[in-house]
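# Notes for the structure review
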Amino acid sequence: MALRQLDIVATGEDDLDLGEHEDRVLHHWHVAAGDDARLHSLILRAEHVEGVVERVHDLERVQVVVTRALESCLPDVDELEEDDEVKDEPEPLFARVSREELRERMDKDSAIDGPFIVLVVASTIVAAVGLAMDNTAVVIGAMVIAPLVGPNLLLALSTALVDWRLGVRAALVNGAGSGGAFLLSLLVGLVMSVNPEVGEIAIRTQVSLADVALALAAGTAGALSVTRAVDSALIGVMVAAALLPPVVVSGMLLGSGDVDGAAGAGLLFAVNLVCVNLAAVATFALLGLKPRLWQDRQDAAWVVPTAVGIWVALLLTFVSLMAWLRGWAILIWPGAGG
């Protein structure tokens, strides 16, 4: 995993007591930072940052902690680890960045601002045109620009960290993005003719196990990518594939008067939304992502399982409803329900 530079401002002239994390530090230097204060700079692997931050955060003399991503380092990491015990320690299979870095990064990517609004409008229009023309390439293009990854993963992160403020914000951004796409596509359905028999539209008016598997995979991949600080347009396309087309189809069909088709697409969107968040919450939990404070960790012990249980219950309810309306065979083969 990538390297990080940890800058810590602490009072006093003594070295920082990093305890068991001392061996994780690849390089450490400090300089004067004003009266009775020093700036300590540490270089370490990204997966080791969280432990060091937790250690120094409890030291009364520590005033500021800043994490920086390092694009390159000379000497390289192998040379830095040459005489260090950490050299022989294998990298964890699912190493991740610190919760602080993850939260900051996702927080910035989930805001109702000008670019977000423009991307929602643009992706909705492109998706509507692609769906109406039965053009898969255009629909994929819409999913590339749809800003739906951040808000959904932020909602799952808020659950893992038991951060209610973050959860409310994520829900508002989610509602704004999905609601805006629905209203705009509803307007499109009112002003233009929509053929519900078009392939790209018809396949999004019903739910199958394949849709459930796709959304679960999208949520898992999305959570893994952000915890490793990997920027991948393909991950964004996977999540948007589960969320954007169904909500646009639902709005277009409702605007054109096809209530049944709109309800089916809306139910598919609901199933996919639940699956993405269920998979993301479970992935964050399996990666050991927990709140920093002890009390919050106690709360997380029941909040996370409860949230997973609620998502599972909603998933079973939605899928059962679709199967009841269209027949159980539709779960195996999308066209079986007629």
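Parameters and conventions
Residues numbered from 1 in each chain as written. Predicted model: local features only at pLDDT ≥ 70, side-chain atom pairs only at ≥ 80, totals over all residues. Heavy atoms only, no water. Helix = DSSP H or I, 4+ residues; strand = E, 2+ residues; numbered from the N terminus. Expected span 1.5 Å × (residues − 1). Buried < 20%, exposed > 50% of the residue type's maximum accessible area, 1.4 Å probe, protein only. Salt bridge = Lys/Arg side-chain N within 4 Å of Asp/Glu carboxyl O. Contact = heavy atoms within 4.5 Å. Patch = residues over 30% accessible without salt bridge, like charges linked within 9 Å, V, L, I, M, F, W, Y side chains within 5 Å. Areas by Shrake-Rupley, 256 points an atom, 1.4 Å probe, with all protein chains shown as cover.

### Description of helix α11 (residues 259-286)
- The end-to-end C-alpha separation of α11 is 40 Å, in line with the 40 Å expected for 28 residues at 1.5 Å each.
- For α11, the tally of buried residues reaches 20 of 28 residues, placing the bulk of the element in the interior.

### What to know about the pattern of salt bridges
- This structure, assessed with the given rule, holds 3 salt bridges.
- With a closest N to O distance of 2.7 Å, Arg-103 and Asp-163 form a salt bridge. Of this pair, Arg-103 sits in helix α3 (residues 99-108) while Asp-163 is found in the loop between α6 (149-160) and α7 (164-191), placing the two residues 60 residues apart along the sequence.
- For Arg-103, a relative accessible area of 29% puts it in the partly exposed group.
- Close ionic contact of Glu-200 with Arg-204 constitutes a salt bridge, the shortest N to O distance being 2.6 Å. Like Arg-204, Glu-200 is buried.

### With respect to the environment of Pro-196
- Mapped onto the elements, Pro-196 comes out in the loop between α7 and α8 (199-202).
- Residue classification places Pro-196 among the partly exposed residues on the basis of a relative accessible area of 30%.
- Note: C-alpha distance between Pro-196 and Ala-132 (64 residues apart in sequence) is 8.9 Å.
- Beyond its immediate sequence surroundings of up to four residues, Pro-196 is in contact with Ile-201, Ala-202, Leu-253 and Asp-258.

### Digging into a nonpolar patch on the surface
- Where nonpolar side chains cluster on the molecular surface, the patch consists of Ile-112, Ile-117, Val-121, Ile-125, Val-129, Met-133, Val-168 and Leu-172 and spans about 720 Å² of accessible area.
- Every element with two or more residues in the nonpolar patch is listed here: α4 (114-132) and α7.
- For the nonpolar patch, the element with the most residues is α4, which contributes 4 residues.
- Looking at the secondary structure, you find Ile-117 in helix α4.

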